[in-house]
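# A look at the structure
What follows is the residue order along each chain.
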Amino acid sequence: QGSISFRFDLYFSIVACFAAINLFLLCLELSLCIIEKMTVTPHTHHGATSDGDYNIFRDSPLRYCGYANEVGESFRYQYPRCVAPSYFIAFGYCLADAASATYDVVSEDNEQTVKETRSKEVRAAIAGFDTLLWQGLASVAIPGGVINLIVRASRIAVTRSVGLPVLVSKWFPTAAGLFSVPFIITPIDNCVDFALDNSTRKMLQVNE
């Protein structure tokens, strides 16, 4: 009976931990949205073009390449050799999107360039930097760290439990990491947007 009670307390603690993390992220997102509406002029989301042009890196299934490292982190303890390649894919995606943003500015027609106060080269460099910084934070660094923390905490919890099936002990941390990915993406994206809108984008006057 003591073992059953301990197992129940463990499951409850894990579920409560996940719920608390997701609730915190959602509350943070809501707070930032309210603050942004009051103080910040809305910014086109992470480098998207203002005229709504199709972008293969953000408007197609290729976007999921940016989440490859989160999947790699989820499988860290089952297949540790997959972690490094998953980051390679994610960083490659970030660099490709940044290169695409730079090329879009460089390939602008001369009539649009004349209307701008800054040279095409400067605007191209700023566009590439802004996209790379956003992708690096929102697609790789922050979510990868969050998933790593969730998987590690789950693994510690199951290793300290008694009487769990081997299958549960092995795969629960991975399932917890994968399950958390859809819930952390949007709050992290919006938080990074808010941070850049009030820091580098103001200094560089992005899309102004």
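What you are looking at is a predicted structure, and each value in this text was computed from that prediction instead of being measured.

## What about the pattern of salt bridges?
Applying the stated criterion to the full structure yields five salt bridges. Its salt-bridge partner being glutamate 108, residue arginine 123 comes within 2.9 Å of it at the nearest N-O pair. Here the residue arginine 123 occupies a position in helix 5 (residues 120-159), and glutamate 108 occupies one in the loop between helix 3 (83-106) and helix 4 (110-115), the gap between them amounting to 15 residues. With a relative accessible area of 10%, arginine 123 lands in the buried category. For arginine 201, the salt bridge goes to aspartate 197, with nearest N and O atoms at 2.9 Å. Classification of aspartate 197 as buried rests on a relative accessible area of 7%. A cluster of three or more residues bridged by salt bridges with shared partners is formed by Asp130, Asp193, Asp197 and Arg201.

## With respect to the environment of proline 85
Mapping proline 85 onto the fold places it in helix 3. Counting along the chain gives 17 residues from proline 85 to alanine 68, while the straight-line C-alpha distance between them is 8.8 Å.

## Overview of the confidence of the model for the chain
In the predicted model, the chain carries a mean pLDDT of 78, and 70% of its residues have values of at least 70. No element of the chain has a lower mean pLDDT than helix 1 (residues 2-39), at 54, and none a higher one than helix 3, at 92. Counted against residues more than four places away or in other chains, residues 40-45, with its pLDDT under 50, gives 16 contacts.

Criteria and thresholds
- Residues numbered from 1 in each chain as written.
- Predicted model: local features only at pLDDT ≥ 70, side-chain atom pairs only at ≥ 80, totals over all residues.
- Heavy atoms only, no water.
- Salt bridge = Lys/Arg side-chain N within 4 Å of Asp/Glu carboxyl O.
- Helix = DSSP H or I, 4+ residues; strand = E, 2+ residues; numbered from the N terminus.
- Buried < 20%, exposed > 50% of the residue type's maximum accessible area, 1.4 Å probe, protein only.
- pLDDT = per-residue confidence, 0-100.
- Contact = heavy atoms within 4.5 Å.

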